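Read off the chains here:
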Amino acid sequence: MARAANMYPETMANDNPGLAESLSPRHDSGLADCRLALQRRLCLAALYLMLAVLFNCEAEAADKLRLAVQSTGTFAWELAIITERGLDRKAGLDIEVTELASPEAAKIALMGGAADMILGDWLWVARQRNLGRRLVFAPYSTALGAVMVPAASPIEDLAGLQGKKIAVAGGPLDKSWLLLRALARGSDLDLASQANIIYGAPTLLYQKAANGEADATLNYWNFCVALESRGFRRLIGMNEVERRLGAKGPVAMVGYIFDEGFARTHADALSRFFKIAAEAKDILAHSGADWEKIARRIGIAREVELALYRQAYIDGIPRRPVAEEAADARALYRILAKIGGPDLAGNATELEEGTFYQNTEMVPQEH
């Protein structure tokens, strides 16, 4: 019976002082504190778990955009800015970059479905549309090359090119060369037959010009900058050629190229990309530190050359509505199609409506 008496709390407490202590109000308070601390820990753990799930979902929800770019081009510079500043993450984009050695390799990547977007010119887009491939173009840069001559050259105008050796980057169907020929024809000068033309790769022709192996050279803008920094002068810039041929402003010959179907299904992602692309351009235009990185990347040691590069880049940022760009492109296309013939434009004599993507939201900054 005595053992049964221990079933009652009071008796148990009297028989066991330690147990009595554990059943005291002070112990009840301690248990409550433990429960509160545990609840707090559980709440924090739940919060961390929710945040982890949220961030993971956001990462999974990021729209993927596959870009094929030249490793040495300005697009690669801008993409580096986008990555370093985290602009892609803020825009909810997962940008996958494949660096390639040439524009032709990028075209193959786009046509083969290995890339969603590349850089190229609207002339190539027009040709592809004529062949049934529904590509579209969005302006990227108005930076163009020029006809460069040595500082002491006696050549002062296009007429002075008659009978001279002219190095032309690209080939007979290069858009700048065709536009230059069209302008010269207005003065009854057929450069293709009345001058000695050398076609070749831009780097090779830059070296020939620097070594004095050509009287004049028509090259891409970056090689023109390099020649200018070495004392060459511009006989005529391609922007001036375009203006004389009827363009109302600087024309973006180079732009983003992507499929029309991709544009329909990824319109929002493209809009976000164009916004951060414009932001990257603005950052690069204002950041001397970033240009120092670029100088090291492309091997520019002289400040005067870097300053010319930077100014040419800034001048090439598109600042006009896409509709105005498209209108000038249509005017220039008629000229190009006429002088280039079927080898250039196929059967199309007009730039097809819809070639220019109209939903871009790039907001350029004035400098």
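Please read all numbers here as calculations on a predicted model, not as lab measurements. (Residues numbered from 1 in each chain as written. Predicted model: local features only at pLDDT ≥ 70, side-chain atom pairs only at ≥ 80, totals over all residues. Heavy atoms only, no water.)

Section: the sheet that holds strand β3 (residues 118–121)
The cut-off we apply is this: Two strands make a pair as long as DSSP finds a minimum of two bridges between them. Only DSSP runs of H or I covering at least 4 residues are called helices, and only runs of E covering at least 2 are called strands; the numbering of each starts at the N terminus. Note on geometry: axes are lines fitted to C-alpha atoms, helical ones only across the stretch in contact, with angles between N-to-C directions running from 0 to 180 degrees.
As summarised here, the arrangement of the 3 strands in space is β3-β10-β4, forming an open sheet in which the pairing is antiparallel. Two strands close off the open sheet at either side, each with one partner strand: β3 and β4 (135–141). Sheet twist, expressed as the mean angle between neighbouring strand axes with direction ignored, is 45°. Direction of pairing for β4 relative to strand β10 (residues 254–259): antiparallel, over a ladder of 6 bridges.

What about the sheet that holds strand β9 (residues 233–237)?
Rules: By the convention used here, residues are in contact when the closest approach between their heavy atoms is within 4.5 Å.
Reading across from one edge, β7-β6-β8-β5-β9 is the order of the 5 strands in this open sheet, with mixed pairing throughout. Since the sheet does not close on itself, it has two edges, and those belong to β7 (196–200) and β9, each with one partner. Taking each pair of neighbouring strands and ignoring which way they run, the sheet shows an average axis angle of 25°. One ladder, built from 3 bridges, connects strand β5 (residues 146–149) with strand β8 (residues 216–219); its direction is antiparallel. Bridging across to β8, Ala146 finds its partner in Asn219. On the sheet, helix α9 (residues 175–185) packs against β5, β6 (165–169), β7, β8 and β9 and is oriented at approximately 125° with respect to β8.

As for the nonpolar core
Under the convention used in this document: We call a set of buried Ala, Val, Leu, Ile, Met, Phe, Trp, Tyr and Cys residues a nonpolar core when their side-chain atoms join them within 4.5 Å. Summary of the burial criterion: residues with accessible area below 20% of their type's maximum are buried, those above 50% are exposed, and those between are partly exposed, where the area comes from a 1.4 Å probe applied to protein chains only.
Ranked by size, the top nonpolar core spans 56 residues in total, and within it Trp122, Leu180 and Tyr333 carry the most contacts. Looking at this core element by element, the count peaks at 8 residues for helix α18 (residues 322–340). The contacts of Leu180, once residues within four sequence positions are left out, are Val147, Leu158, Leu191, Leu218, Ile236, Met238 and Val241. Trp77, Leu270, Ala312 and Tyr313 belong to the second largest nonpolar core, which has 44 residues in total.

Digging into the confidence of the model for the chain
Counted only if it meets this: Confidence scores here are pLDDT values: one per residue, from the predictor, ranging 0 to 100.
Taken as a whole, the chain shows an average pLDDT of 86; of its residues, 81% reach a score of 70 or greater. Confidence over residues 1–27 falls short of pLDDT 50; this stretch has 11 contacts with residues more than four positions distant or in other chains. A low-confidence stretch, residues 362–367 (pLDDT under 50), is modelled with 17 contacts involving residues beyond four sequence positions or located in other chains.

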